[in-house]
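Structure at a glance
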2 protein chains.
Amino acid sequence: MIRRESEMTQKHYEHMRDGKLSVDARVFLEASESYGAGSFFGCATMPPGASIGYHRHDGEFEIYYILRGRAKVVDNGQEAVLGPGDIMQCRDGDSHSIENIGELPLVFLAMVLRCHPAAE
Amino acid sequence: MIRRESEMTQKHYEHMRDGKLSVDARVFLEASESYGAGSFFGCATMPPGASIGYHRHDGEFEIYYILRGRAKVVDNGQEAVLGPGDIMQCRDGDSHSIENIGELPLVFLAMVLRCHPAAE
């Protein structure tokens, strides 16, 4: 299956998880197309100053893969600054947040994948 | 868990799946860290002219997310040219290949995820 960037479903979230400003996302794979692997597969863009508030994942994990910009993240209480090519994995039972602390849009891939302990 | 680009495991493959030239990859998440979700999570770079040969996936699917460059892909027999922001999903039981037909390196994320029909 081929999907061009221009064909992807667009989403807009205000104050996501009680964060600041807004987040736009292009869904590159619908959850229903993922054979049960995950619930969200998107490319997110946040303007300077925007954030996704601190929240927890249970029975699943999330990967943020930074494509452009500069992000301050909190990974289960530990703060870090990430740039292009870096990742954060919010592990099962952990919490995280992300904020655009740069002067340009922050662009990152976000994927929420289900845990399948029996397969480990 | 935070992982910087510079800390990722690097892999080098020659003639991958009987393809041309070589592929370099940085593993952004180890399979053992994925709670059974998948077997490969990497950012691949291929020089001009390089390819990964046509091959099949069973019981799993693969996503290619193009970051930079120009790729000719074959998705279960159908040819297409992809650029940054476009994706290909090789679905369960399908086959695919990818070739760098541009003059610059082709950079894309590749993720092989397991199918979990019971969870659909």
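Read on for a plain summary of the structure. (Residues numbered from 1 in each chain as written. Chains lettered and ligands numbered in written order. Predicted model: local features only at pLDDT ≥ 70, side-chain atom pairs only at ≥ 80, totals over all residues. Heavy atoms only, no water.)

**A look at the overall build of chain A**
Counting its regular elements, chain A contains zero helices and 11 strands. When the helices and strands of chain A are placed in sequence order, the string is β-β-β-β-β-β-β-β-β-β-β. For 120 residues, the compact-globule estimate of 2.2 N^0.38 gives 14 Å, and the C-alpha radius of gyration of chain A, at 14 Å, lies within 12% of that figure. Seen along its three principal axes, the alpha-carbon backbone of chain A occupies a region of about 40 × 35 × 25 Å. Residue burial in chain A is summarised as follows: out of 120 residues, 55% are buried. The contacts of chain A with a sequence gap of at least 6 include a subset with a gap of at least 24, amounting to 62%. Working note: accessible area of chain A is about 5300 Å², and carbon and sulfur atoms make up 46% of it. Taking the average location of the 12 positive side-chain charges in chain A and that of its 18 negative ones, the two points are 3 Å from each other. (Helix = DSSP H or I, 4+ residues; strand = E, 2+ residues; numbered from the N terminus. Rg over C-alpha atoms; globule rule 2.2 N^0.38 Å. Buried < 20%, exposed > 50% of the residue type's maximum accessible area, 1.4 Å probe, protein only. Contact = heavy atoms within 4.5 Å. Areas by Shrake-Rupley, 256 points an atom, 1.4 Å probe, with all protein chains shown as cover. Lys, Arg positive; Asp, Glu negative; His and termini not counted. Charge placed at Lys NZ, Arg CZ, Asp CG, Glu CD.)

**Here we look at the relation of the copies chain A and chain B**
The transform that puts chain A on chain B rotates by 180 degrees and translates by 0.0 Å along the axis, for an RMSD of 0.0 Å. Accordingly, the operation relating the two chain copies is best matched by a two-fold axis. Ranked by how close their C-alpha atoms come to the rotation axis, the residues of chain A are headed by A:Ala37, at 3.2 Å. Both copies present the same face, since 98% of the interface residues in chain A are matched by interface residues at the equivalent positions in chain B. (Least-squares fit on C-alpha atoms with pLDDT ≥ 70 in both.)

**Things to note about the sheet that holds strand β6 (residues 60–68) of chain B**
Across the sheet, seven strands lie side by side as β1(A)-β9(B)-β6(B)-β11(B)-β4(B)-β3(B)-β2(B); this open sheet has antiparallel pairing. Two strands in the sheet have a free side with no partner beyond their single neighbour: β1 (2–3) of chain A together with β2 (9–14) of chain B. (Pairing = 2+ DSSP bridges.)

**Let's talk about the pairing of strand β4 (residues 38–46) of chain A**
In the sheet, strand β3 (residues 22–27) of chain A pairs with β4(A) via four bridges, with the strands oriented antiparallel. In the sheet register, A:Val27 faces β4(A), and the bridge partner there is A:Gly42.

**Thoughts on the layout of surface pockets**
Each pocket or cavity is described by its volume, and for the largest pocket that value is around 290 Å³. Lining the largest pocket are 20 residues, and of these A:Leu67, A:Arg68, B:Ile66, B:Leu67 and B:Arg68 sit closest to its centre. Of all elements in the fold, only β6 (60–68) of chain A together with β6 of chain B reach the threshold of two or more residues within the lining of the largest pocket. Of the residues that constitute the lining of the largest pocket, the class distribution is 12 nonpolar, two polar and six charged. (1 Å grid on protein atoms, 1.4 Å probe; cavity = no way out; pocket = protein on both sides within 12 Å on 5 of 7 lines; lining within 4 Å. Points joined across faces, edges and corners; volume = space filled by probe spheres on them. Nonpolar A, V, L, I, M, F, W, Y, C, P; charged D, E, K, R; others polar.)

**A closer look at the pairing of β6(B)**
The two faces of the sheet receive side chains in turn, since in a regular strand these alternate between them. Residues and elements named next belong to chain B. Among the nine residues in β6, seven count as buried, and that is most of the element. The sheet contact formed by β6 and strand β11 (residues 106–114) spans eight bridges and is antiparallel. In the sheet register, glutamate 60 faces β11, and the bridge partner there is arginine 114. Bridge analysis of β6 against strand β9 (residues 87–90) gives four bridges, and the strand direction is antiparallel. The residue bridging isoleucine 63 from the neighbouring strand is glutamine 89, located in β9.

Take it as geometry only, folks, not as evidence of what the structure does.
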